[in-house]
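Notes for the structure review
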Amino acid sequence: MKSYIYNNKDNLIDFINNNLNKNNHYEIIILFPENKINIKDEIVNFLNDITNKFSINTQNIGIENQDIILIYKEQNILKYDIKHLKKMALLGDMIANISHQWRQPLSVITSSASAMILHKDLNILDDKSFEKFANNIISQGQFLAQTIDTFRSYIKKDNTVIKTILQEEIKLTLKILESVLSQNYIKVTNNTLKKENTNIHIIKGEFSQVLINIITNAKDVFISNNIKNKEIIIDLKQENNKCVVCIEDNAGGINEDIIDKIFQEDFTTKDNDGTGIGLSMSYDIVTEHLNGNLYVKNTKKGAKFFIELPL
Ligand SMILES: Nc1ncnc2c1ncn2[C@@H]1O[C@H](COP(=O)(O)OP(=O)(O)OP(=O)(O)O)[C@@H](O)[C@H]1O
Ligand SMILES: [Mg+2]
């Protein structure tokens, strides 16, 4: 936080040229006395003219004959950039997931079509096998359409809050993670489906993003700790005015020395493989956007994350 006392416009121009980098973003607060309102507007217009990378907040200090004071602070845009990069990485992961899920059905489609041609060439294509091949192609095609719909509904997000069923969101997330989970032989037991449907209010995609971050972390620990029977259990507790989604893994838990730090921004134990943004981003989503709480406990088997949401 730095400050500058405004005395005339030329000095202000010099000051900006010498001190503020026009490529950075700044938060500026202008404190102006009662009798200098006209100059305040001039300053604001002037700043707006040279760059749009300022956010300006003006405050009337109510006293007369005082100086106009500019207080400015460089905004931490790096934080937003990392969040953006993380989102892009999530999209990248998802595209990798789509292509993985498409490989198998596509090969069934091409081999069914090839087999049909071969049978025809050999004059052995009877009605029954024709129908079998065609039905195979149709059902695999439907599967392709369905996976693309799942991903599209995840990606196509705006910031409007929607009412949705918690269990559906969990199912959708597990569908997105399906290939990563099966590739790594991770068994997920989703007990939430046994519970009564729970309505929640979320910004589309955000709750799944939290779940994806938590499950992806469990996957990483399963791999680095070389766990044999990898299992994640998802449970749901419903109380009067809140519900709690619990995600427990059997990967050995979180070292007690670092358990208090894992939700901090940039905290990672993965050296070059991690950015440490996953859980801090999840924490922000749950506490700020969903008005809930996110915490973790070690159990006998591993780590157990709790997502508490108001109902
Ligand atoms: N299920 C878990 N079991 C053990 N440790 C965990 C678990 N989940 C998270 N951690 C620890 O918390 C740290 C922070 O997790 P976070 O998701 O914020 O970052 P990251 O996974 O290291 O990096 P990124 O998510 O950006 O790739 C991890 O590095 C890991 O040490
Ligand atoms: Mg992570």
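Above: the structure in question.
In this text the structure is predicted, and so the values were computed from the model without any measurement.

Cut-offs used in this document
Counting from 1, residues in each chain are numbered in the order their sequence is written. The lettering of chains begins at A and the numbering of ligands begins at 1, in the order of writing. At least 70 in pLDDT is required for a residue's local features to be given in this predicted model, at least 80 for side-chain atom pairs to be given and counted, and no such filter applies to totals for whole chains, interfaces and linings, which use all residues. Based on all heavy atoms of the structure, the side-chain values leave hydrogens and waters out of the count. For patch detection, residues must exceed 30% relative accessible area and be free of salt bridges, and they are connected within 9 Å for like charges or within 5 Å for nonpolar side chains (Val, Leu, Ile, Met, Phe, Trp, Tyr). Accessible surface area values rest on a Shrake-Rupley calculation with a 1.4 Å probe, where residue burial reflects the displayed protein chains alone. Salt bridges are identified by distance alone: a Lys or Arg side-chain nitrogen within 4 Å of an Asp or Glu carboxyl oxygen. Only runs of H or I of at least four residues qualify as helices and only runs of E of at least two qualify as strands under DSSP, and these elements are numbered from the N terminus. Remark: nonpolar core denotes a set of buried residues (Ala, Val, Leu, Ile, Met, Phe, Trp, Tyr, Cys) joined through side-chain atoms within 4.5 Å. Note on classification: 1.4 Å probe, protein chains only; a residue is buried when its accessible area is under 20% of the maximum for its type, exposed when over 50%, partly exposed between these limits. Working rule for contacts: check all heavy atoms of both residues, and any pair within 4.5 Å makes them a contact. Lines fitted to C-alpha atoms define the axes here, with helix axes fitted over just the stretch in contact, and angles between the N-to-C directions of these axes take values from 0 to 180 degrees. For any pair of crossing helices, the crossing counts as left-handed if the nearer helix is rotated counterclockwise from the farther one by less than a right angle, and right-handed if it is rotated clockwise. In this classification, Asp, Glu, Lys and Arg are treated as charged, Ala, Val, Leu, Ile, Met, Phe, Trp, Tyr, Cys and Pro as nonpolar, and every other residue, Gly included, as polar. One heavy atom within 4 Å of a molecule or strand makes the whole residue count as near it. Think of a polar contact as two N or O atoms within 3.5 Å of one another; within protein, one of them needs to be a possible hydrogen donor and the other a possible acceptor, and neighboring residues in sequence only count if both atoms come from side chains. Two rings belonging to Phe, Tyr or Trp (six-membered ring only in the last case) form a pair when the distance between their centres is within 6.5 Å. Interplanar angles under 30 degrees mark stacking, angles over 60 mark edge-to-face geometry, and anything in between is tilted.

**Side note on a nonpolar patch on the surface**
On the surface, a nonpolar cluster with roughly 300 Å² of combined accessible area is contributed by Leu118, Leu122 and Ile124. Relative to the assigned elements, leucine 122 resides in the loop between helix H3 (77-121) and helix H4 (127-155).

**Side note on the nonpolar core**
Of all hydrophobic cores here, the largest spans 40 residues; its most connected members are Leu166, Phe207, Ile215, Val245, Ile247, Phe305 and Ile307. Of all the secondary-structure elements, those providing two or more residues to this core are helix H5 (166-183), strand E7 (199-203), helix H6 (206-224), strand E8 (231-238), strand E9 (242-249), helix H7 (278-289), strand E10 (293-298) and strand E11 (303-310). Counting residues per element, this core draws most heavily on H6, at eight residues. Filtering out sequence-adjacent residues up to four positions away, isoleucine 247 remains in contact with Leu211, Ile214, Ile215, Ile232, Ile233, Ile234, Ala303, Lys304, Phe305 and Ile307.

**Observations concerning the pattern of salt bridges**
Throughout the structure, instances matching the rule amount to seven salt bridges. Close ionic contact of aspartate 220 with lysine 219 constitutes a salt bridge, the shortest N to O distance being 3.4 Å. Residue aspartate 220 is classed as partly exposed on the basis of its relative accessible area, which comes to 25%. On the accessibility criterion, lysine 219 (17% relative accessible area) is buried. Between lysine 270 and aspartate 220 there is a salt bridge whose closest N-O contact spans 2.9 Å. Highlighted residues: lysine 270 in the loop between E9 and H7 and aspartate 220 in helix H6, separated in sequence by 50 residues. Here the salt bridges share partners, and the residues they tie into one network are Lys219, Asp220 and Lys270.

**Topic: the packing of H6 against H7**
Where H6 meets H7, the closest approach of the two axes is 9 Å, and the angle between their N-to-C directions is 145°. Considering the relative orientation of H6 and H7, their crossing is left-handed. Here Glu206, Gln209, Val210, Asn213, Ile214 and Asn217 of H6 lie close against H7, whose contacting residues are Gly278, Leu279, Met281, Ser282, Ile285, Val286 and His289. For the contact of H6 with H7, the residue count by class is six nonpolar, six polar and one charged.

**What to know about the site of ligand 1**
Surveying the vicinity of ligand 1 reveals 20 residues, the closest of which are Asp249, Thr268, Thr269, Lys270 and Thr275. In this structure, threonine 268 approaches ligand 1 through a side-chain N or O atom, which is 2.6 Å from an oxygen atom. For ligand 1, an oxygen atom lies 2.5 Å from a polar atom in the side chain of lysine 270. For ligand 1, whose free accessible area comes to 600 Å², the fraction covered by protein is 93%.

**Looking at the packing of aromatic side chains**
Under the counting rule described, the total for this entry stands at three aromatic pairs. Their ring planes at 45° and their centres at 5.7 Å tell us that phenylalanine 263 and tyrosine 283 sit as a pair that is tilted. One end of the pair, phenylalanine 263, is in the loop between E9 and H7; the other, tyrosine 283, is in helix H7, and 20 residues separate them in sequence. Note on phenylalanine 263 and phenylalanine 305: the rings are 6.3 Å apart at their centroids and 85° apart in plane angle, and the pair reads as edge-to-face. Here phenylalanine 263 is found in the loop between E9 and H7, whereas its partner phenylalanine 305 is found in strand E11, with 42 residues between them in sequence. Pair check on accessibility: phenylalanine 263 and phenylalanine 305 agree, each one buried.

**Remarks on unusual backbone geometry**
The general pattern is negative phi for most residues beyond glycine and trans for most peptide bonds. Phi is positive for tyrosine 185, which is not a glycine, with a value near 55°. Along the polypeptide, tyrosine 185 turns up in the loop between H5 and strand E6 (187-190). Non-glycine residue asparagine 226 carries a positive phi angle of around 50°. Note on placement: asparagine 226 falls in the loop between H6 and E8.

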